[in-house]
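Summary of structural features
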Amino acid sequence: MSRGSSAGYDRHITIFSPEGRLYQVEYAFKAVKSVGITTVAVKGLDAVCGVTQKKVPDKLIDPKSVTNVFRISDHHGCIFTGLATDARAQLQRTRSEAADFKFKFGYEIPVDQIAKRLADINQVYTQHAYMRPLGVSLIFMGMDDEKGPQLYKCDPAGYYIGYRACAAGAKEQEAINYLEKKLKEEEKKLSFDETVQLALATLQSVVAADLKPSDVEVGVVSKDHPRFRILTDDEVEQQLTAMTEKD
Amino acid sequence: MGDSDYSFSLTTFSPSGKLVQIEYALNAVAAGATSLGIRAKNGVVIATEKRMPSILMESHTLEKISFISETTGMVYSGMGPDSRVLLRKARKFAQSYYQTYKEPIPVVQLVRETAFVMQEFTQSGGVRPFGVSLLIAGCDEQGPHLYQVDPSGSFFAWKASAIGKNMVNAKTFLEKRYSDDMEIEDAIHTAILTLKEGFEGQITEHNIEIGQVTDNQKFKVLTPLEVKDYLGEVE
């Protein structure tokens, strides 16, 4: 009697399955992985760095127009992993919320607040049938003058939490395993370079290939340079070389 | 609510007269981390497990126990994102009550309103029930109160209760240990012991959260140091 009554709708819209799960949300997570891109982000002592793969699908496409790393406001940025079109929609919403906050309160929205706001929006899509959950995971990075470097991840389920290091996308689990091993000791105080290199090393390890600057996008924000920025190819090359030299 | 193309309810009766969506929501709650609450003579304590799936997550950024107003707080078991919606609505209602009556909201009225919201989502068009049960704790003129609110919107006042994964064992433990003349300090110790019963691994001040409210003290979430002291006392 309970088997037929949901009439299989639990796989089409976000209502509960018999075990109390939301299949649509779980499928949204799969959509994040389906794009085949992995993102890794690491928080250091006074810097945060996020690295994402850059896959240009066609040689004729202008590589400058392919990007998943965006500035949200002066001191923070976001990396979107998952369906590109859903990511655009989320980006618009994120920027609009951040701008609203600045207008209303006169100062930049703190990273945990913008993460919470987006997570609450994601939650609405998991509860209302008229809109599907979006297939994007968002990783927010920023510099807070009181709390220091911040790293938050929001997922399609509406869950958000702060991280020392996190990953999203196709090789998320492998990246997390790698990071857990590296950061097992409690209070590793990573410098700016160590932060960037750990993120790059993690990505390199999970994609099992040597990275070139054109394969990745690196977004950083640090105490010395509190303005969120994307590293140039030369800077990325520097970090990659320093990384290989260490080995 | 009543979204454009979904003017029909997603929660409908099965042939046997059950609302299966609500039952499934309760399954989602039963899969969540254990939370419990104990009402003492002079206050209420609520506590929860806060186990992070990865060492990379920072547990202090996740707030499972939250204050609703100065004299009330809540903890949830189940889907965290859903609980944030209810928390926001509860806070707004508490403030709006204060604005009208210039008095802190009586706990039962706050609970009633929150339960009403949860019931709405079991009947309105195009929405699913909330996948959380809440334990709302508060002190008002009638004394200390502990209420449990379920996804169906039904609520009960409890002397002590537990929700989530380990609720059956926890409630059995609480039944044995509860006494009507408990003071808040005993209640906190009992809460910790109850959590310990079903806890996998070592309990520390970073993987549990405790909140308390007393007759003459505002609702507060204990700091990790305070929790550590209580853990030491319990050993």
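Residues numbered from 1 in each chain as written. Chains lettered and ligands numbered in written order. Predicted model: local features only at pLDDT ≥ 70, side-chain atom pairs only at ≥ 80, totals over all residues. Heavy atoms only, no water.

Residue and element names in this part refer to chain A. With antiparallel pairing, five strands are arranged side by side in an open sheet as β3-β4-β5-β6-β7. Single-partner strands in this sheet number two, and they are β3 (69–73) and β7 (160–162). The sheet shows a mean angle of 25 degrees between the axes of neighbouring strands, direction not considered. One ladder, built from seven bridges, connects strand β4 (residues 76–82) with strand β5 (residues 136–144); its direction is antiparallel. From the neighbouring strand, glycine 77 faces β5, where its bridge partner is methionine 141. Where helix α3 (residues 84–105) meets the sheet, its contacts fall on β3, β4 and β5, and the angle it forms with β3 comes to roughly 15 degrees. Where helix α4 (residues 111–127) meets the sheet, its contacts fall on β4, β5, β6 (148–154) and β7, and the angle it forms with β6 comes to roughly 5 degrees. (Pairing = 2+ DSSP bridges. Helix = DSSP H or I, 4+ residues; strand = E, 2+ residues; numbered from the N terminus. Axes fitted to C-alpha atoms, helices over the stretch in contact; angles between N-to-C directions. Contact = heavy atoms within 4.5 Å.)

Before going further, it helps to spend a moment on the pairing of strand β9 (residues 216–222) of chain A. Residue and element names in this part refer to chain A. Of all seven residues making up β9, seven are buried, and the element is well covered by its neighbours. Alternating residues of β9 divide into Val216, Val218, Val220 and Ser222 and Glu217, Gly219 and Val221, and every residue in both groups is buried. Strand direction decides the pairing type here: strand β2 (residues 47–53) and β9, joined by seven bridges, are antiparallel. What sits directly across from cysteine 49, in β9, is valine 220. Bridging between β9 and strand β10 (residues 229–230) involves two bridges; their strand directions are antiparallel. Looking at β10, one finds that valine 220 is bridged to arginine 229. What sits between the antiparallel neighbours β9 and β10 is a turn of six residues. (Buried < 20%, exposed > 50% of the residue type's maximum accessible area, 1.4 Å probe, protein only.)

Here we take up the confidence of the model for chain B. Across chain B, pLDDT averages 93, with 98% of residues at or above 70. ipTM for the predicted complex: 0.84, alongside a pTM of 0.89. (pLDDT = per-residue confidence, 0-100.)

The next subject is the environment of valine 108 of chain B. All names here are of chain B. Note on placement: valine 108 falls in helix α3 (residues 107–123). Taking relative accessible area as the criterion, valine 108 reaches 25% and is therefore assigned partly exposed. Between the C-alpha atom of valine 108 and that of glutamine 142, which follows or precedes it by 34 residues, the distance is 10.0 Å. In this view, valine 108 contacts Tyr147 and Phe155; residues no more than four positions away in its chain are not counted.

This paragraph deals with the nonpolar core. Residues and elements named next belong to chain A. Ranked by internal contacts, the top residues of the largest apolar core, which has 45 residues, are Val40, Val42, Val51, Leu151, Leu200, Val216 and Val218. Every element with two or more residues in this core is listed here: β1 (38–43), β2, β5, β8 (165–169), α5 (172–182), α6 (192–207), β9 and α7 (233–246). Of the residues forming this core, the biggest block, seven residues, is contributed by α6. Leave out the neighbours within four places in its chain, and valine 51 touches Thr38, Thr39, Val40, Ile79, Ala199, Leu200, Leu203, Val216, Glu217 and Val218. (Core = buried A, V, L, I, M, F, W, Y, C linked by side-chain atoms within 4.5 Å.)

So, about the interface of chain A and chain B. Taken together, the contact between chain A and chain B spans 37 residues of the former and 35 residues of the latter. Of the charged contacts in the structure, one is a salt bridge between arginine 88 of chain B and aspartate 120 of chain A, with a shortest N-O distance of 2.7 Å. Per-element accounting of the side of chain A that touches chain B gives the leading share, six residues, to α4 of chain A. Here the side of chain A that touches chain B is composed, by residue class, of 19 nonpolar, eleven polar and seven charged. (Salt bridge = Lys/Arg side-chain N within 4 Å of Asp/Glu carboxyl O. Nonpolar A, V, L, I, M, F, W, Y, C, P; charged D, E, K, R; others polar.)

This brings us to the packing of helix α4 (residues 167–177) of chain B against helix α5 (residues 184–197) of chain B. Helix-helix packing is described using two parameters, namely the angle between the two axes and the distance between the axes. Residues and elements named next belong to chain B. Remark: α4 packs on α5, axes separated minimally by 9 Å, with the N-to-C direction vectors making an angle of 145 degrees. The element α4 and its partner α5 pack so that their crossing is right-handed. Facing α4, whose interface residues are Ala170, Phe173, Leu174 and Arg177, α5 presents Thr190, Leu193, Thr194 and Glu197. Counted by class, the contact of α4 with α5 contains four nonpolar, two polar and two charged residues. (Left-handed = near helix turned anticlockwise from the far one by under 90°.)

Formally, a disulfide is one covalent bond, and it connects the sulfur atom of one cysteine to the sulfur atom of another. All names here are of chain A. Under the counting rule described, the total for this entry stands at zero disulfides over all chains. Distance from the sulfur of cysteine 78, which forms no disulfide, to the nearest cysteine sulfur (cysteine 154) is 7.7 Å. Looking at cysteine 166, it has no disulfide partner, and the nearest cysteine sulfur is the one in cysteine 154, 10 Å off. On the basis of relative accessible area, cysteine 166 is assigned to the buried category, the value being 1%. (Disulfide = S-S within 2.5 Å.)

Let us now look at the UniProt feature "domain: Proteasome alpha-type subunits" (unreviewed entry) in chain B. UniProt's feature table lists "domain: Proteasome alpha-type subunits" (unreviewed entry) at residues 6–28 of chain B, given in the numbering used throughout. A helix fraction of 39% and a strand fraction of 0% characterise residues 6–28 of chain B, whose end C-alpha atoms lie 24 Å from each other. (UniProt positions renumbered as here; feature names shortened; annotations may be inferred.)

A separate point is a negative patch on the surface. Residue and element names in this part refer to chain B. Taken together, the side chains of Asp181, Glu185, Asp186, Asp229 and Glu233 make up a negatively charged region of the molecular surface. Of all the secondary-structure elements, those providing two or more residues to the negative patch are α5 and α6 (224–234). The topology assignment puts aspartate 186 in helix α5. Look at aspartate 186 and you get partly exposed, because its relative accessible area is 38%. (Patch = residues over 30% accessible without salt bridge, like charges linked within 9 Å, V, L, I, M, F, W, Y side chains within 5 Å. Areas by Shrake-Rupley, 256 points an atom, 1.4 Å probe, with all protein chains shown as cover. Lys, Arg positive; Asp, Glu negative; His and termini not counted. Charge placed at Lys NZ, Arg CZ, Asp CG, Glu CD.)

On to the pattern of salt bridges, then. By the definition in use, this model includes 22 salt bridges over all chains. Residues arginine 51 of chain B and glutamate 49 of chain B are paired through a salt bridge, measuring 3.0 Å at the closest nitrogen-oxygen approach. Residues lysine 159 of chain B and aspartate 180 of chain B are paired through a salt bridge, measuring 3.7 Å at the closest nitrogen-oxygen approach. Of this pair, lysine 159 of chain B sits in the loop between β7 (155–157) and β8 (160–163) while aspartate 180 of chain B sits in the loop between α4 and α5, placing them 21 residues apart in sequence. On the accessibility criterion, lysine 159 of chain B (42% relative accessible area) is partly exposed. A single salt-bridge network, built from bridges that share partners, covers Glu19, Arg21 and Glu26 of chain A.

Time to look at the packing of aromatic side chains. Inspection of every chain in the model, using the stated rule, returns eight aromatic pairs over all chains. When the ring of phenylalanine 101 of chain A is compared with that of tyrosine 107 of chain A, the centres are 5.3 Å apart and the planes differ by 85 degrees; the resulting orientation is edge-to-face. For phenylalanine 101 of chain A, a relative accessible area of 13% puts it in the buried group. For tyrosine 107 of chain A, a relative accessible area of 47% corresponds to the partly exposed category. Within the aromatic cluster, the residues linked to one another by ring pairs are Phe101, Phe105 and Tyr107 of chain A. Of note, arginine 51 of chain B hangs over the ring of phenylalanine 199 of chain B, and the distance from its end group to the ring centre comes to 4.9 Å. Over the face of the ring belonging to tyrosine 76 of chain B we find lysine 64 of chain B, whose NZ or CZ atom lies 5.2 Å from the ring centre. (Phe/Tyr/Trp six-rings, centres within 6.5 Å; stacked < 30°, edge-to-face > 60°. Lys NZ or Arg CZ within 6 Å of the ring centre and 35° of its normal.)

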